[in-house]
There are 2 protein chains.
Amino acid sequence: MGATHMLQDNAIVKHMAVPGQHYGAAESAKDHTIRLKADETIYSEGEYAFAIYQVEAGAVRIYRLTPSGQRYILSFCGKGEWFGLETGNVRTDFAEAVCDARITPFRANRNAVVPVDLLNIALTNLAKAQHKQLVITEQSALKRVAAFVHEMADGHPGDCEFDMMMSRSDIADYLGITVETVARCFTKLREKRILCLKGRLQRVVRLLDRDALISLTI
Amino acid sequence: MGATHMLQDNAIVKHMAVPGQHYGAAESAKDHTIRLKADETIYSEGEYAFAIYQVEAGAVRIYRLTPSGQRYILSFCGKGEWFGLETGNVRTDFAEAVCDARITPFRANRNAVVPVDLLNIALTNLAKAQHKQLVITEQSALKRVAAFVHEMADGHPGDCEFDMMMSRSDIADYLGITVETVARCFTKLREKRILCLKGRLQRVVRLLDRDALISLTI
DNA sequence: CGTATGATTGACGCCGTTCAAACCACGTGG
DNA sequence: CCACGTGGTTTGAACGGCGTCAATCATACG
């Protein structure tokens with residue numbers, strides 16, 4: 001999190017980053033960890049936004065519903081990532097646990113101090129959103145799925161085997177394609193000997209050829 | 001710009017918004033207006049990021065080049081909008097004037113104060129990026145173009161006739177479709193009597209049926 | 001064993017890409 | 001003035017990939 005950002009030598013900006021400084025004070029902004037079961041709702045569109053959250057374990061999906069009722073997943077948040085920071089006071093999207101998860105809320109109590117760099121969180125989320133735009137417009141379903149697996153693999157550095165946790169339907173709504181196409185792309189990746197799928201629901205990936213995967217996403 | 005955001009009653013956040021308060025001080029962060037000709041470069045990928053910018057007149061395109069050399073336009077910035085706020089010290093994208101334009105840079109000089117709410121800018125840009133994700137995945141080229149025209153129309157409230165300024169190629173790279181498809185969609189919008197196109201390069205839109213346009217984007 | 005849920009596979013049609021040509025307004029120079 | 005070239009836009013024809021609808025498979029659970 002300690003990433004520096006531009007304009008960092010600015011006096012105002014400096015004041016924003018007080019990591020852990022006020023944490024543990026009499027009136028801490030940090031609440032206790034919340035344990036969530038799979039698919040449990042964290043907040044919904046239209047609700048009052050009183051906190052931001054950090055993922056401790058598991059994964060969270062942030063999504064919106066189009067007027068036609070279709071779900072579009074804006075982002076998945078894994079361990080260490082922040083979500084729930086909005087422009088206004090009202091939620092514009094939904095947050096749910098993808099699987100069993102733990103998250104920590106940070107409330108904005110009066111006089112309490114949030115021990116986090118909000119600007120950094122906002123800019124990180126912006127960078128994620130921009131990268132996703134590139135992935136999505138970078139047409140060809142196979143490229144999108146490859147980029148998704150790559151993204152998941154980045155969340156597990158070192159491991160060549162990991163659990164994606166999300167369903168095919170989650171992946172489809174995240175990449176803007178259909179479940180069937182997602183399945184077809186995964187079989188293509190298997191045929192190309194880039195990965196294996198394991199587990200009851202085929203959500204555990206074993207990476208066989210990371211380089212080939214990356215070259216697909218380009 | 002003065003939009004409130006969540007956690008606004010937080011002490012740290014309060015300190016960030018000092019609109020105009022320090023402006024005009026001995027060492028102002030605001031530089032003089034820059035005048036740009038069409039297609040002139042503002043900054044490029046890899047450069048050191050020392051300032052953010054506000055558009056005074058005209059329009060600016062923010063884009064990236066994929067490894068395969070394809071251009072993808074992340075956003076257009078019109079009058080009043082901010083761009084150039086990045087996560088790191090190094091530019092990750094390019095900024096160019098779409099047409100003749102005027103912009104104001106805000107440097108991060110030592111001891112100088114940026115009279116703007118950086119968090120608000122970041123969150124606004126994040127909201128824009130998220131909305132664009134919905135537009136793009138909301139497949140069907142016609143819907144994308146309709147959403148684009150709608151977005152342009154929002155920049156000219158009240159006017160039913162305005163200049164889009166960008167070329168078909170700009171629009172294509174912005175929406176992730178081809179120039180030909182963009183042209184076909186515009187003729188469809190003309191056939192549906194939703195708009196007329198004027199000017200030598202057919203970039204001036206006259207909106208005939210705003211409601212029909214909006215209902216297309218849903 | 002029957003049902004339910006989620007993943008996979010197949011067949012077919014449509015929409016957008018690709019390649020190509022035409023068009024239009026505006027220059028230039030003969 | 002006309003011929004020609006240029007940059008941007010539009011239109012046409014053919015191909016291919018993804019969505020749709022449907023059936024099948026695998027595993028878990030009552």
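Here we summarise the structure given alongside this text. (Residues numbered from 1 in each chain as written. Chains lettered and ligands numbered in written order. Predicted model: local features only at pLDDT ≥ 70, side-chain atom pairs only at ≥ 80, totals over all residues. Heavy atoms only, no water.)

1. A few points about the side chain of Lys132 of chain A
Mapping Lys132 of chain A onto the fold places it in helix α2 (residues 118-137). With residues up to four places along the chain from it excluded, the contact list for Lys132 of chain A reads Tyr72, Ile73, Leu74 and Tyr174 of chain A together with Gln133 of chain B. (Helix = DSSP H or I, 4+ residues; strand = E, 2+ residues; numbered from the N terminus. Contact = heavy atoms within 4.5 Å.)

2. Re helix α5 (residues 179-191) of chain A
All names here are of chain A. In a regular helix each residue adds 1.5 Å, so 13 residues correspond to 18 Å; α5 covers 18 Å between its end C-alpha atoms and thus fits that length. Regarding α5, the residues found buried are Val182, Cys185, Phe186 and Leu189. Considered in projection along α5, the buried side chains sweep an arc of 100° and stay on one side of the axis. Opposite its buried face, α5 presents the exposed residues Arg184 and Glu191, each directed more than 90 degrees away. Buried residues in α5 make contact with α3 (141-154), α4 (168-175), β10 (195-198) and α6 (210-217). (Expected span 1.5 Å × (residues − 1). Buried < 20%, exposed > 50% of the residue type's maximum accessible area, 1.4 Å probe, protein only. Arc of directions from axis to C-beta.)

3. What about the layout of surface pockets?
Think of a ball as big as a water molecule: rolled over the atoms, this probe shows where empty space is left. Taken as a whole, the second largest pocket spans an internal volume of roughly 980 Å³. In terms of lining, the second largest pocket is formed by 47 residues, of which the most central are Ser75, Phe76, Cys77, Glu81 and Lys128 of chain B. Of all elements in the fold, only α2 of chain A together with β3 (51-57), β4 (60-65), β5 (71-77), β6 (82-83), α2 (118-137), α3 (141-154) and α4 (168-175) of chain B reach the threshold of two or more residues within the lining of the second largest pocket. Across the lining of the second largest pocket, the residue classes break down as 23 nonpolar, 14 polar and 10 charged. The two domains that each donate at least three residues to the lining of the second largest pocket are domain 1 (11-118) and domain 2 (138-217) of chain B. (1 Å grid on protein atoms, 1.4 Å probe; cavity = no way out; pocket = protein on both sides within 12 Å on 5 of 7 lines; lining within 4 Å. Points joined across faces, edges and corners; volume = space filled by probe spheres on them. Nonpolar A, V, L, I, M, F, W, Y, C, P; charged D, E, K, R; others polar. Domains from an automatic or database assignment.)

4. Focus on the packing of α3 of chain A against α6 of chain A
Residues and elements named next belong to chain A. As a packed pair, α3 and α6 sit with axes 8 Å apart at the nearest point and diverge in direction by 130°. With respect to their mutual orientation, α3 and α6 come out oblique. In this structure, α3 meets α6 at a crossing whose hand is left-handed. On α6, the residues touching Leu142, Lys143, Ala146, Ala147, Val149, His150, Ala153 and Asp154 of α3 are Arg210, Leu213, Ile214, Leu216 and Thr217. (Axes fitted to C-alpha atoms, helices over the stretch in contact; angles between N-to-C directions. Parallel < 35°, antiparallel > 145°, perpendicular 65-115°, else oblique. Left-handed = near helix turned anticlockwise from the far one by under 90°.)

5. Here we look at the protein's contact with DNA strand D
In the vicinity of DNA strand D there are 19 residues, among which Ala141, Thr181 and Arg200 of chain A together with Arg168 and Thr187 of chain B approach most closely. When atoms of DNA strand D within 4 Å of the protein are split into backbone and base, the sugar-phosphate part holds 74%. Between DNA strand D and Thr178 of chain A there is a distance of 3.0 Å, counted from a phosphate oxygen to a side-chain nitrogen or oxygen. Here a phosphate oxygen of DNA strand D and a side-chain polar atom of Arg203 of chain B are 3.0 Å apart. Looking at the surface near DNA strand D element by element, the count peaks at four residues for helix α5 (residues 179-191) of chain B. Split by residue class, the surface near DNA strand D holds five nonpolar, seven polar and seven charged. (Near = heavy atom within 4 Å. Polar contact = N/O pair within 3.5 Å; in protein donor to acceptor, adjacent residues only side chain to side chain.)

6. Looking at the nonpolar core
Of all hydrophobic cores here, the largest spans 33 residues; its most connected members are Phe148, Val149, Phe186 and Leu189 of chain B. Counting residues per element, the ones that place at least two in this core are β5, α3, α4, α5, β10 (195-198), β11 (204-207) and α6 (210-217) of chain B. No other element matches the eight residues that α3 of chain B contributes to this core. Each of two domains, domain 1 (11-118) and domain 2 (138-217) of chain B, supplies a minimum of three residues to this core. Beyond its immediate sequence surroundings of up to four residues, Phe186 of chain B is in contact with Val145, Val149, Met164, Arg168, Ile171, Leu195 and Leu197 of chain B. Counting residues in each nonpolar core, the second largest holds 32 residues, with Leu142, Phe148, Met164 and Phe186 of chain A among its members. (Core = buried A, V, L, I, M, F, W, Y, C linked by side-chain atoms within 4.5 Å.)

7. Here we look at the sheet that holds strand β2 (residues 41-43) of chain B
Taken together, four strands build an open sheet; the order of strands is β2-β7-β4-β5 (chain B) and the sheet is antiparallel. Edge strands, defined here as strands with exactly one partner in the open sheet, are β2 and β5 of chain B. Geometrically, the sheet is characterised by an average inter-axis angle of 30° between neighbouring strands, direction not taken into account. Bridging between β4 of chain B and β5 of chain B involves six bridges; their strand directions are antiparallel. Bridged to Arg64 of chain B within β5 of chain B is Tyr72 of chain B. Running over the sheet, α2 of chain A touches β4 and β5 of chain B and is turned about 130° from β5 of chain B. (Pairing = 2+ DSSP bridges.)

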